Amino acid sequence: MHKSVSGFSKLSKSEKIDWIVTHYLSGSEASKKTLLQYLNSDKKLQQLHDEFIENTISNYYLPLGIAPNFKINDTMYAIPMAIEESSVVAAASKAAKFWMSRGGFKAEVLSTTKIGQVHFMFHGDTAVLESFFNIVKPKLLEATKDITKNMDARGGGILDIVLKDKTEAINGYYQLHGTFETLDAMGANFINSCLEQFSKTFKAEAQLHLESPIEIVMSILSNYVPDCIVRAEVSCPIEELADKNIEDPEMFAKKFLQAVSIAEAEPYRAVTHNKGIMNGIDAVVLATGNDFRAIEAGVHAYAARNGQYASLTHAKIENGIFTFWTELPLALGTVGGLTGLHPLVKVALDILGKPSAKELMQIVAVAGLAQNFAALKSLTTTGIQEGHMKMHLMNILNQFEATDKEKATIVDHFKTHTVTHSAVVQAITAIRQ
Ligand code: HMG
């Protein structure tokens with residue numbers, strides 16, 4: 001059986017499905033049925049999804065949930081979250097409700113600068129390159145006027161271009177390092193278009209005025225955005241931390257700070273700690289049609305900016321006040337990309353009140369902070385499994401294809417028993433005997 005193919009992209013969708021079923025799924029009718037089952041009967045909607053990517057054969061659903069009760073800068077939000085993992089939405093909702101009655105979340109955008117670079121090689125005199133760059137810089141800006149005019153009119157555009165000598169890292173390596181303000185757009189296309197124009201103009205001018213040639217390697221934005229930072233924070237007097245799981249708020253605050261310090265000092269813990277933050281961040285980033293790979297890459301680079309991977313959240317107690325906060329880079333957009341195309345993304349943005357990119361940065365950072373608060377609260381009190389497994393119970397029951405009646409009986413049973421995988425298996429075996 002041939003497992004390679006030429007011209008796959010030119011086949012119709014049903015031909016693609018048949019090819020994959022025949023060559024990689026042993027002709028399984030059940031697999032084919034599953035692929036077809038996930039296609040939408042609304043042809044226009046399906047075509048829209050088919051055309052988001054290439055070689056589409058089906059749709060891959062994620063549940064869209066709502067975490068209500070988020071009070072952010074005194075405005076109430078219900079936050080849409082697209083995620084597959086049980087207990088994330090419940091945890092965010094629980095943290096939101098907890099902080100709603102303790103002043104809510106405060107969030108602030110500290111900076112919004114995006115970055116892009118033209119990477120090139122030059123083996124001549126650096127001083128000559130520098131004076132050439134200074135002469136040619138206005139021409140680089142002038143040549144992008146067509147690309148930047150709309151963004152300029154809205155108050156954004158190119159902030160600056162500097163020449164960077166990177167020859168200590170790689171022989172002959174330099175950069176044109178551009179900084180950009182892209183307002184409500186994530187800005188990838190805008191930045192990349194500007195960069196490609198810089199490289200064309202730069203190369204053409206170099207051919208006219210430099211003896212040693214420049215060789216453009218590539219022009220591309222950076223997903224590392226340490227100057228596109230948002231801060232989110234919660235705080236309250238220690239005694240107000242008391243609730244059903246926190247009988248001794250002093251002790252809780254102390255343990256919570258210890259947990260954060262461990263994530264600040266210890267990379268193995270920091271990665272899991274930050275994974276919990278990303279549970280909240282990615283879910284909102286996905287629901288609002290943003291690029292979660294870009295966000296992930298940028299956030300983790302930022303977490304390692306001091307040479308060791310560390311916690312993205314911090315906590316302190318000062319004068320009896322408990323404060324918990326995060327500062328992280330989030331290059332998000334609320335116009336362009338999927339935001340205007342995906343019908344569910346539009347609804348998600350409507351639920352959030354059609355936020356600006358800055359408002360979305362605040363909401364996403366808060367979702368990350370809330371998630372981390374819920375996880376640390378569980379970890380330092382009941383342990384994570386109690387709540388997580390309670391939420392995961394339905395997944396285990398679905399694995400066993402439990403009927404509605406069986407589900408009701410077992411859910412009732414676990415209201416007073418601890419959920420573990422083996423306890424659920426035992427319970428289902430018992431009621432089936
Ligand atoms: P609980 O105390 O059993 O919840 O917590 P409750 O029944 O008392 O309800 C309180 C509130 O929680 C509810 O208020 C909801 O807001 C929310 P209400 O709606 O009743 O007014 N809530 C729910 N929301 C939606 N659906 C539900 C639901 N249940 C409660 N079914 C909970 C249970 C799971 C929330 C709690 O134990 C918790 O926050 N656990 C943390 C879970 C977590 O962090 N999960 C992420 C996955 S684990 C992970 O990947 C990350 C980690 O490794 C990161 C790290 O190590 O730092 C942990």
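Let us look at the structure shown here. Keep in mind that what you see is a predicted model, and the values were worked out from it rather than measured.

### Comments concerning the sheet that holds strand β4 (residues 114–122)
With antiparallel pairing, four strands are arranged side by side in an open sheet as β5-β6-β4-β7. Strands at the two margins of the open sheet, each flanked by one partner only, are β5 (157–165) and β7 (214–222). On average, each strand axis in the sheet is tilted by 15° relative to the strand beside it, whichever way the strands run. Pairing between β4 and β7: eight bridges, direction antiparallel. Residue pairing in the sheet places F120 in a bridge with I216 of β7. Helix α5 (residues 126–143) contacts β4, β5, β6 (173–181) and β7 of the sheet and is inclined by roughly 170° relative to β5. Its contacts with the sheet place helix α7 (residues 188–209) against β4, β5, β6 and β7, and it is angled at close to 165° to β7.

### Thoughts on a positive patch on the surface
On the surface, a cluster of positive charge is made up of K94, K97, K244 and K390. Relative to the helices and strands, K244 is located in the loop between β8 (229–237) and α8 (249–265). In this structure K244 comes out as exposed when scored by relative accessible area, which is 70%.

### Some details on the pattern of salt bridges
With the rule as written, the count across this model stands at 14 salt bridges. Between K275 and E85 there is a salt bridge, with its nearest N and O atoms 2.8 Å apart. In this pair, K275 sits in helix α9 (residues 267–287) while E85 sits in the loop between β2 (75–82) and α4 (88–100), placing the two residues 190 residues apart along the sequence. Note that E406 and R432 form a salt bridge whose closest N and O atoms lie 2.9 Å from each other. Of the two residues, E406 is situated in helix α14 (residues 404–413) and R432 in helix α15 (residues 421–432); the sequence distance between them amounts to 26 residues. According to the relative accessible area criterion, E406 is buried, its value standing at 15%. If you follow the salt bridges from partner to partner, you end up with R231, E233 and E327 in one network.

Conventions adopted
Residues numbered from 1 in each chain as written. Predicted model: local features only at pLDDT ≥ 70, side-chain atom pairs only at ≥ 80, totals over all residues. Heavy atoms only, no water. Pairing = 2+ DSSP bridges. Helix = DSSP H or I, 4+ residues; strand = E, 2+ residues; numbered from the N terminus. Axes fitted to C-alpha atoms, helices over the stretch in contact; angles between N-to-C directions. Contact = heavy atoms within 4.5 Å. Patch = residues over 30% accessible without salt bridge, like charges linked within 9 Å, V, L, I, M, F, W, Y side chains within 5 Å. Areas by Shrake-Rupley, 256 points an atom, 1.4 Å probe, with all protein chains shown as cover. Salt bridge = Lys/Arg side-chain N within 4 Å of Asp/Glu carboxyl O. Lys, Arg positive; Asp, Glu negative; His and termini not counted. Charge placed at Lys NZ, Arg CZ, Asp CG, Glu CD. Buried < 20%, exposed > 50% of the residue type's maximum accessible area, 1.4 Å probe, protein only.

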